[in-house]
Structure formats: structure tokens, C-alpha cells
Amino acid sequence: EARVEAERVLGALDAALRVDGDLLADEEREALLAAAADLRTVVGGTDRDAINEAAERLDQASLAFAQKRMDSGIADALKGVAMDDLETRVGSAGNS
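The model shown is predicted, which means the values in this text are computed figures rather than measured ones.

Student: Explain the overall build of the protein chain residue by residue, including any values.
Tutor: The helix and strand inventory of the protein chain stands at 4 helices and 0 strands. Starting at the N terminus, the α and β elements of the protein chain follow one another as α-α-α-α. Across the 96 residues of the protein chain, 20% fall into the buried class. When contacts within the protein chain are restricted to residue pairs at least 6 apart in sequence, long-range pairs at least 24 apart make up 61% of them. Here the protein chain has roughly 6,600 Å² of accessible surface; of this, 53% comes from carbon and sulfur atoms.

Dropping the structure here:
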């Protein structure tokens, strides 16, 4: 189960890097790739604890990237939306 989850996380990270890798500074990318490489190394083994620990390190290393991706997505969604329109939408959502 830990191995399957680790492989899922690695696949999702690879996909995210292909789409939004340009959001990362070189140092951030290197740290993230190093954590992913560590997980890839242990996922081939049988030590569940080592897999879980490496997955946790990758999770921590990817937090800033995830935040940048969310910020970018929100910024893209708000492009072209007038402030008055945004205030109306947010106000309407709060009244539902």
C-alpha cells in the first residue's frame, strides 16, 4: 500500500512539474527532485517505514510548489475579472 501511494505521488509530481515546473526557482526544483529521487530509491524496496518517511520528506519539499500552483491557478481564474464583479461574486457566495 505504501509503495502504491508513493508511486501515485511520484506520478502526480512528474505531471505537475511538466505543467508548472517553471514556477520553481532552480534551488526549489533541485530540492524537490532530490526528495523525489530518494523516494524512488526506497520505493523499490520492502521497508514500509523507509517508504513512508521518504514520502513525508517529499510532501514537505513540495509544499511551496503546491502553494505556487494554487496561487497561479487563482491568478489565472481572476484575470479579466473586474474588482466590482469579484466583490459581487464573493458577496453573493457568502449569502447563499
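Read on for the rest.
Student: Which residues make up the nonpolar core, and what values do they have?
Tutor: Ranked by size, the top nonpolar core spans 16 residues in total, and within it Leu13, Leu17, Leu32, Leu39, Leu58 and Phe65 carry the most contacts. Broken down by element, this core gets its largest block of residues, 6 residues, from helix H1 (residues 2–20). The residues touching Leu13, leaving out its near neighbours within four places in the chain, are Leu32, Ala36, Leu58 and Phe65.

Student: Residues and numbers for the pattern of salt bridges, please.
Tutor: Summed over the entire model, instances satisfying the criterion amount to 4 salt bridges. One salt bridge in this structure joins Arg40 and Asp14, with 2.7 Å as the shortest N-O distance. With Arg40 in helix H2 (residues 26–43) and Asp14 in helix H1, this pair connects stretches of sequence that are 26 residues apart. When its relative accessible area of 28% is taken as the criterion, Asp14 is described as partly exposed. Across the pair Lys68 and Glu28 runs a salt bridge whose closest N-O atoms are separated by 2.7 Å. Residue Lys68 is found in helix H3 (residues 48–78), and its partner Glu28 is found in helix H2; the two are separated by 40 residues along the sequence. The class of Glu28 is partly exposed, set by a relative accessible area of 27%.

Conventions used here
- Per chain, residue numbering runs from 1 following the sequence as it is written.
- Side-chain atom pairs in this predicted model are given and counted only at pLDDT of 80 or more, local residue features only at pLDDT of at least 70, and totals for whole chains, interfaces and linings cover all residues.
- Excluded from the side-chain calculations are hydrogens and water; all other atoms, namely the structure's heavy atoms, are used.
- Strands here are runs of E lasting at least two residues and helices are runs of H or I lasting at least four, both read from the DSSP assignment and numbered beginning at the N terminus.
- For the exposure calls, accessible area comes from a 1.4 Å probe over protein chains only, and a residue counts as buried if that area is under 20% of its type's maximum, exposed if over 50%, partly exposed in between.
- The contact criterion used is simple: two residues touch if any of their non-hydrogen atoms lie within 4.5 Å.
- Each accessible area is a Shrake-Rupley estimate made with a 1.4 Å probe; only the visible protein chains count as cover when residues are assessed.
- Here the nonpolar core consists of buried residues drawn from Ala, Val, Leu, Ile, Met, Phe, Trp, Tyr and Cys, with membership extended through side-chain atoms lying within 4.5 Å.
- Salt bridges are defined by distance alone: a side-chain nitrogen of Lys or Arg within 4 Å of a carboxyl oxygen of Asp or Glu.

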